[in-house]
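Topology and contacts: notes
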Amino acid sequence: MELLKEIRWSPYAVGIGIGVLSWFSFLISKEPISCSTSFARLSGVIERFFRGKQVELKPYYREIKLVLDWQGLLVMGIVIGSLISALLSGDFHLQLVPSLWATVFGNLPAPRLISALLGGACLGFGARWAGGCTSGHGISGTLQLTVSSWISAIFFFIGGILTAQILFKVIG
Amino acid sequence: MDNMRTKENNAKKHNASRLWGLVFGVLFGFLLQKGGATKYDVIVGQLMLSDFTVVKIMLSAVLTGMIGIYLMKTLGWVELYPKSGSLGSNIIGGLIFGVGFALLGYCPGTIAGAIGNGYLDAMMGGLAGIIIGSGIFAEVYPKLKSGILKKGDFGNVTLPQLFKVNDWVVVVPVAVLILFLLIWIDRAGL
């Protein structure tokens, strides 16, 4: 029980745990762990709320279907699991500006919220363009040795590393 | 009557299998938080190449997952679900995703964890952004679908299929490579 209250576990232990989790998700659910499509479905559901049923006829939503499926529940589970872990270890904090951001760009909420909004938009758009994210391609896809996933994962990090360097070393 | 019963049973099975998603999600979120991967500082630290936590987690997960899943595939217990792709989709999409990854400091899985961890930039800025970005993609999808997204199409091929070899001819060297990479990162004190 003491282990569950620790703030941090070794990254190797966490990685092995996620790897073992992926065995069981293949075995029991016949589903690889992936997340990003659920955000696209949520986007479609919100649009359907305002514009009506016709939204379901958009070609992209015909392909992914606006339903709450296994993956949607997985994403909700992540929120709950992280909350449980953070509460157990006393690591739950309501925080708007992360400390690394604050050291370079200051403590004002607006710049951080704008960067998060813009970043989120690129992330959502790019995940759909590439057909997956850091979990679907980056972990579940690479562990299956999928070609599309290895290419995507490498370019996630190339784009991410270049942008972080420009943001913190050139602009910041 | 029988037909109705089968339908009911199918619906029950469907709900039970969906609930497994919630169970896996709770465990995944718990592990991500314990690993520090729900934190902006850790993720951006990785992209700044000053904190290698994220790469350590990902490589250990891929190493463990790959060996187990290919073992179960060889035994005939599981099948694979490789995503299809193309150069236009994976390279350009990957780069756009990467820009967002660095600006936001979370990815679609870890942002869910960050929300559970209490991070308001994830909840108020990032989540709204992902919803908007995904919605824009759905809007422009018909224009991209048979153009750029199909450029350099290679389908849902895996590395063993691409090289036309037995699975283990790729699994073993990749496993050794990942292991050496992890040891090297650890020895370098990163």
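1. Concerning the overall build of chain A
A tally of helices and strands in chain A yields nine helices and zero strands. Sequence-ordered secondary structure for chain A, helices as α and strands as β, is α-α-α-α-α-α-α-α-α. Principal axes of the C-alpha set define a box for chain A whose edges measure 45 × 40 × 35 Å. Expressed as a percentage of contacts within chain A between residues at least 6 apart in sequence, the contacts between residues at least 24 apart total 51%.

2. What about the overall build of chain B?
When its secondary structure is counted, chain B shows eight helices and two strands. Each helix and strand of chain B, placed in order from N terminus to C terminus, yields the pattern α-α-α-β-α-α-α-β-α-α. The C-alpha extent of chain B, read off along each of the three principal axes, is 65 × 45 × 40 Å. Looking at the 190 residues of chain B, the share that counts as buried comes to 46%. Taking the contacts inside chain B whose residues are at least 6 apart along the sequence as the reference set, 62% of them involve residues at least 24 apart.

3. Considering the interface of chain A and chain B
In this assembly, 109 residues from chain A lie in contact with 105 residues from chain B. Of all the elements in the fold, those that place two or more residues in the side of chain A that touches chain B are α2 (11-29), α3 (36-51), α4 (59-64), α5 (70-89), α6 (99-105), α7 (109-130), α8 (136-143) and α9 (147-171) of chain A. The leading source of residues in the side of chain A that touches chain B is α7(A), at 18 residues. A breakdown of the residues in the side of chain A that touches chain B according to their chemical character gives 65 nonpolar, 38 polar and six charged.

4. Quick look at α2(A)
All names here are of chain A. Taking 1.5 Å per residue, 19 residues should reach 27 Å; α2 reaches 26 Å between its end C-alpha atoms and fits that length. Along α2, the residues that are buried comprise P11, V14, G15, G17, I18, G19, L21, S22, S25 and F26. Positive backbone phi, at 55°, marks K30, one or two positions downstream of α2.

5. Things to note about the packing of α8(A) against α9(A)
Residues and elements named next belong to chain A. Running from amino to carboxyl end, α8 crosses α9 at an angle of 145°, the nearest separation of the two axes being 8 Å. At the point where α8 passes α9, the crossing takes the left-handed sense. Contacts between α8 and α9 involve H137, G138, G141 and T142 from the former and S148, S149, W150, S152, A153 and F156 from the latter. Broken down by class, the residue content of the contact of α8 with α9 amounts to three nonpolar, seven polar and no charged.

6. Considerations on helix α6 (residues 120-144) of chain B
The first and last C-alpha atoms of α6(B) sit 34 Å apart over 25 residues, in line with the 36 Å expected at 1.5 Å per residue. At B:A138, α6(B) shows its strongest bend, of approximately 35°, with the proline B:P142 following within four residues.

7. A look at the nonpolar core
A general trend in soluble globular proteins is that nonpolar side chains are found buried together. Counting residues in each nonpolar core, the largest one holds 93 residues, and the members touching the most others are B:F28 and B:I111. Not counting the four nearest positions on each side in its chain, B:F28 is found in contact with A:I18, A:L21, A:I33, A:G77, A:I78 and A:G81.

8. Focus: the packing of helix α5 (residues 108-116) of chain B against α6(B)
Residues and elements named next belong to chain B. The contact between α5 and α6 brings their axes to 10 Å, and the two run at 150°. Looking at the two axes, α5 sits roughly antiparallel to α6. Viewed along their axes, α5 and α6 form a crossing whose handedness is left-handed. Contacts between α5 and α6 pair P108, I111, A114 and I115 from the former with A122, M123, G126, L127 and I130 from the latter. Among the residues forming the contact of α5 with α6, the class breakdown is eight nonpolar, one polar and no charged.

9. What to know about the environment of A:G19
With respect to the helices, strands and loops of the structure, A:G19 is situated in helix α2. On the neighbour-count criterion, A:G19 (23 C-beta atoms within 10 Å) is buried. When the C-alpha positions of A:G19 and A:S140 are compared, they lie 8.9 Å apart, and in sequence the two are 121 residues distant. Excluding its chain neighbours within four sequence positions, the residues that come into contact with A:G19 are B:S60, B:A61, B:L63, B:T64, B:G65 and B:G68.

10. Thoughts on the environment of B:G35
By the secondary structure assignment, B:G35 is in helix α1 (residues 2-35). Filtering out sequence-adjacent residues up to four positions away, B:G35 remains in contact with A:W9, A:P11, A:V14, B:T53 and B:I57.

11. A few points about unusual backbone geometry
Of note, A:K30 is a non-glycine position whose phi angle comes to about 55°, a positive value. Checked against the element boundaries, A:K30 lands in the loop between α2 and α3. Positive phi outside glycine occurs at B:L49, with the angle close to 60°. Residue placement: B:L49 occurs in the loop between α2 (40-47) and α3 (53-74). Of the residues examined, B:L49 has 12 C-beta atoms within 10 Å and is grouped as exposed.

12. With respect to the confidence of the model for chain B
Interpretation of this model should avoid reading the predicted coordinates in detail wherever pLDDT is low. Across chain B, pLDDT averages 95, with 95% of residues at or above 70. This complex was scored by the predictor with a pTM of 0.95 and an ipTM of 0.97.

So, how was this worked out
What you see as residue numbers is a count from 1 along each chain, following the sequence as written. In the order they appear in the text, chains get letters beginning with A and ligands get numbers beginning with 1. In keeping with the model being predicted, local features are shown solely for residues with a pLDDT of at least 70 and side-chain atom pairs are shown and tallied solely at 80 or more, while totals for entire chains, interfaces and linings include all residues. Numbering of helices and strands runs from the N terminus, with a helix taken as a DSSP run of H or I at least four residues long and a strand as a DSSP run of E at least two residues long. We call two residues in contact whenever the C-beta atoms placed from their backbones are within 7 Å. Each residue is classified by how many other C-beta atoms fall within 10 Å of its C-beta atom, where C-beta atoms are placed from the backbone; a count of 20 or more means buried, 12 or fewer means exposed, and values in between mean partly exposed. Just so you know the grouping, Ala, Val, Leu, Ile, Met, Phe, Trp, Tyr, Cys and Pro go in nonpolar, Asp, Glu, Lys and Arg go in charged, and all remaining residues, Gly too, go in polar. Expected helix span is given by 1.5 Å per residue-to-residue step, counting one fewer step than there are residues. Axis definition: a line fitted to C-alpha atoms, over the contacting stretch in the case of helices. Angles run 0 to 180 degrees between N-to-C directions. Left-handed describes a crossing whose near helix is turned anticlockwise from the far helix through less than a right angle; right-handed describes the clockwise counterpart. Bend at a residue means the angle formed by two fitted axes: the first through the 7 residues ending at that position, the second through the 7 residues beginning there. Among buried residues, those of type Ala, Val, Leu, Ile, Met, Phe, Trp, Tyr and Cys that are joined through C-beta atoms within 7 Å form a set called a nonpolar core. Here the angle decides the label: under 35 degrees means roughly parallel, over 145 means roughly antiparallel, 65 to 115 means roughly perpendicular, and every other value means oblique. Each residue carries a pLDDT value, the predictor's own confidence for that position, ranging from 0 to 100.

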